[in-house]
Amino acid sequence: QVQLVESGGGLVQPGGSLRLSCAASGSIFRLIDMGWYRQALGKQRELVATRNSGGGTNYDDSVKGRFTISRDNAKNTVYLQMNSLKPEDTAVYYCYARLYTTTTEWNDYWGQGTQVTVSS
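Everything numeric in this text was worked out from a predicted model, so none of it was measured. (Residues numbered from 1 in each chain as written. Predicted model: local features only at pLDDT ≥ 70, side-chain atom pairs only at ≥ 80, totals over all residues. Heavy atoms only, no water.)

A. Layout of the side chain of T77. With respect to the helices and strands, the residue T77 is situated in strand β8 (residues 77-82). Of the residues examined, T77 reaches a relative accessible area of 9% and is grouped as buried. Engagement of the side chain of T77 in a polar contact is seen with the backbone oxygen of K75, the distance being 2.9 Å. Setting aside residues up to four positions removed in sequence, T77 forms contacts with C22, A23, M34, S70, R71 and D72. (Helix = DSSP H or I, 4+ residues; strand = E, 2+ residues; numbered from the N terminus. Buried < 20%, exposed > 50% of the residue type's maximum accessible area, 1.4 Å probe, protein only. Polar contact = N/O pair within 3.5 Å; in protein donor to acceptor, adjacent residues only side chain to side chain. Contact = heavy atoms within 4.5 Å.)

B. Spotlight on the pairing of strand β9 (residues 91-100). A large share of β9 lies buried, amounting to 8 of its 10 residues. Relative to β9, strand β4 (residues 30-39) runs antiparallel, the two being bridged by 9 bridges. Bridge pairing in β9 links R30 to Y100. (Pairing = 2+ DSSP bridges.)

C. Spatial organisation of the pairing of strand β5 (residues 46-52). Sheet topology note: the β4/β5 ladder contains 6 bridges and is antiparallel. What sits directly across from R38, in β5, is E46. As consecutive antiparallel partners, β4 and β5 are separated by 6 residues, and within that stretch G42 has a phi angle of approximately 80°, a positive value. Connecting β5 to the next strand, strand β6 (residues 57-59), in antiparallel fashion are 4 residues, including G55 with a positive phi near 100°.

D. Examining the packing of aromatic side chains more closely. Tallying each qualifying case throughout the model produces 3 aromatic pairs. Between Y37 and W110, the aromatic rings sit 5.1 Å apart at their centres with planes inclined by 75°, giving edge-to-face as the arrangement. With Y37 in strand β4 and W110 in strand β10 (residues 106-110), this residue pair connects regions lying 73 residues apart in the sequence. Considering the side-chain rings of Y96 and W110, the 5.2 Å spacing of their centres and the 50° angle between planes classify their relative orientation as tilted. Residue Y96 is located in strand β9, and its partner W110 is located in strand β10; the two are separated by 14 residues in the primary sequence. Relative accessible area serves as the criterion here: at 7%, Y96 is assigned to the buried category. (Phe/Tyr/Trp six-rings, centres within 6.5 Å; stacked < 30°, edge-to-face > 60°.)

E. Region of the structure containing the pattern of salt bridges. Across all of its chains, the model carries 5 salt bridges by this definition. For R38, the salt bridge is made with E46, and the minimal N-O distance between the two is 2.8 Å. Residue classification places R38 among the buried positions, given a relative accessible area of 5%. The class for E46 is partly exposed, based on a relative accessible area of 35%. (Salt bridge = Lys/Arg side-chain N within 4 Å of Asp/Glu carboxyl O.)

Here is the structure:
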């Protein structure tokens with residue numbers, strides 16, 4: 001079993017900042033990718049940012065220059081620093097991890113989601 005536990009969501013005014021954290025625990029042999037997706041009300045889930053074990057990152061164009069993803073590999077934790085937040089960033093943010101549970105078996109896992117609301 002693998003668990004992803006998120007924290008750090010909340011209500012913030014436009015232009016403000018939030019930092020999300022997600023810790024993976026359980027039967028982890030090796031992490032491959034970790035990252036964040038989001039789903040706004042009435043919309044499909046979309047990629048926000050991912051970071052692989054080699055440090056490579058991928059950002060959605062809408063968050064480039066405002067959001068920064070980082071990882072602490074020793075703690076199996078991924079962070080999302082969100083600056084200059086806009087109302088359109090309002091969504092449920094889901095942590096994502098692709099990892100090996102054995103030397104040959106890998107799967108994708110998701111956190112329970114954390115609400116981010118940007119409003120004055």
